[in-house]
Amino acid sequence: MDEHREGSKTALVIINMQQGVMDYCVHPKKVVSRIQDLVSRARDTGTPIYWVQDEREFERHSTPWRLAAGLEPQDDEHRIFKSYRDAFTGTGLHASLIAQDVGRLVICGAQSDYCLRTAAGRAAAMGYDVTVVRDAHTTGAETFEGQSLTGDQIIAHTNAYFAGLDYPNQDFSLMRTDEVAFRPVATHD
């Protein structure tokens, strides 16, 4: 594990909220609405926002690649394009977070059991403080080796995993959308 990141800022990281992913997820309208709320509050405080999109499964600019309706990045927000479940592998995410002086990540998006869990776990192992937004991530039903789980069961299990996450000298939290608070970011003119 890397040392604890001492960055002074928080960033909002939105994982794979793409049309081709959301087609298979539970509660898509509720999750999009909650992420819209998080984005609005992050923008109001100047909190850096990172939009992560999968380009391994979806060709850039194709309909499945595009973000879900109602989610629109602004020009000054960060766009991260990835080829692996891990948003840090083969991307400039980590370098950008360091350059922005970010030490805490608020993570939401899809899919709970794959890309969200991988990115949040990796961020924790890299020394970031992590908040997973418990009601602003989603996934679909899965069957593996004859065992089936509903999307809601997977979301609950993902929340349970992050509720017990613990590393030395780091803060981890599992919050509802309405519990997440962004502090105004100081700007220097």
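Look above for the structure.
1. Describing the layout of surface pockets
- Size it by volume and the largest pocket reaches roughly 350 Å³.
- Taken together, 18 residues make up the lining of the largest pocket; nearest its centre are Asn-16, Asp-54, Glu-57, Gln-111 and Cys-115.
- For the lining of the largest pocket, the secondary structure elements donating two or more residues are α1 (19–22) and α4 (112–125).
- Class assignment for the residues of the lining of the largest pocket results in seven nonpolar, five polar and six charged.

2. Quick word on the nonpolar core
- Counting residues in hydrophobic clusters, the biggest one holds 27 residues, and the most contacted among them are Ile-15, Phe-88, Leu-97, Leu-105, Ile-107, Tyr-128 and Val-130.
- Within the residue set of this core, elements represented by two or more residues are β1 (9–15), β2 (49–54), α3 (93–99), β4 (102–110), α4, β5 (129–138) and β8 (172–175).
- Ranked by residue count, the leading element in this core is α4, at six residues.
- Those residues within four positions of Leu-105 in sequence are excluded, and the remaining contacts are Ala-11, Val-13, Phe-88, Leu-97, Ala-123, Tyr-128, Asp-129, Val-130 and Thr-131.
- In this structure, Leu-12, Val-31, Val-39 and Ala-136 belong to the second largest nonpolar core, which totals 26 residues.

3. A closer look at the sheet that holds β8
- Reading across from one edge, β3-β2-β1-β4-β5-β8 is the order of the six strands in this open sheet, with parallel pairing throughout. The outermost strands of the open sheet, each flanked by one partner alone, are β3 (78–82) and β8. In this sheet, neighbouring strand axes are inclined to one another by 20 degrees on average, regardless of whether the strands run parallel or antiparallel.
- Across the sheet, α4 lies against β1, β3, β4, β5 and β8, angled at about 175 degrees from β4, the strand it touches most.

4. Details of α4
- At Thr-118, α4 shows its largest kink, close to 25 degrees.
- Among all positions of α4, only Ser-112, Cys-115, Leu-116, Ala-119, Ala-120, Gly-121, Ala-123 and Ala-124 are buried.
- Close packing links the buried residues of α4 with β1, β3, β4, β5, α5 (151–163) and β8.

5. Concerning the packing of α4 against α5
- Between α4 and α5, the least distance of the axes is 10 Å, while the angle of their chain directions is 15 degrees. Looking at the two axes, α4 sits roughly parallel to α5. The handedness of the crossing between α4 and α5 is right-handed. On α5, the residues touching Ser-112, Asp-113, Leu-116, Arg-117, Ala-120 and Gly-121 of α4 are Ile-154, Ile-155, His-157, Thr-158, Tyr-161 and Phe-162.
- In the contact of α4 with α5, the residues fall into six nonpolar, four polar and two charged.

6. Remarks on the environment of Arg-85
- For Arg-85, the location among the structural elements is in the loop between β3 and α3.
- You can call Arg-85 partly exposed: its relative accessible area is 47%.
- Remark: the alpha-carbon pair of Arg-85 and Asp-152, spanning 67 residues in sequence, is separated by 20 Å.
- Every residue in contact with Arg-85, bar those within four places of it in the chain, is listed here: Tyr-114, Cys-115 and Thr-118.

7. Topic: the packing of aromatic side chains
- Tallying each qualifying case throughout the model produces four aromatic pairs.
- Here the aromatic rings of Tyr-167 and Phe-172 are separated by 5.8 Å at their centres, their planes lie at 55 degrees, and the arrangement is tilted.
- A relative accessible area of 25% means that Tyr-167 is categorised as partly exposed.
- Here Arg-60 stacks its cationic end above the ring of Phe-81, 4.0 Å away from the centre of that ring.
- The aromatic ring of Tyr-161 is capped on one face by Arg-117, whose charged end is 3.7 Å from the ring centroid.

The rules behind the values
- Residues numbered from 1 in each chain as written.
- Predicted model: local features only at pLDDT ≥ 70, side-chain atom pairs only at ≥ 80, totals over all residues.
- Heavy atoms only, no water.
- 1 Å grid on protein atoms, 1.4 Å probe; cavity = no way out; pocket = protein on both sides within 12 Å on 5 of 7 lines; lining within 4 Å.
- Points joined across faces, edges and corners; volume = space filled by probe spheres on them.
- Helix = DSSP H or I, 4+ residues; strand = E, 2+ residues; numbered from the N terminus.
- Nonpolar A, V, L, I, M, F, W, Y, C, P; charged D, E, K, R; others polar.
- Core = buried A, V, L, I, M, F, W, Y, C linked by side-chain atoms within 4.5 Å.
- Buried < 20%, exposed > 50% of the residue type's maximum accessible area, 1.4 Å probe, protein only.
- Contact = heavy atoms within 4.5 Å.
- Pairing = 2+ DSSP bridges.
- Axes fitted to C-alpha atoms, helices over the stretch in contact; angles between N-to-C directions.
- Bend = angle between axes of the 7 residues up to and from the residue.
- Parallel < 35°, antiparallel > 145°, perpendicular 65-115°, else oblique.
- Left-handed = near helix turned anticlockwise from the far one by under 90°.
- Phe/Tyr/Trp six-rings, centres within 6.5 Å; stacked < 30°, edge-to-face > 60°.
- Lys NZ or Arg CZ within 6 Å of the ring centre and 35° of its normal.

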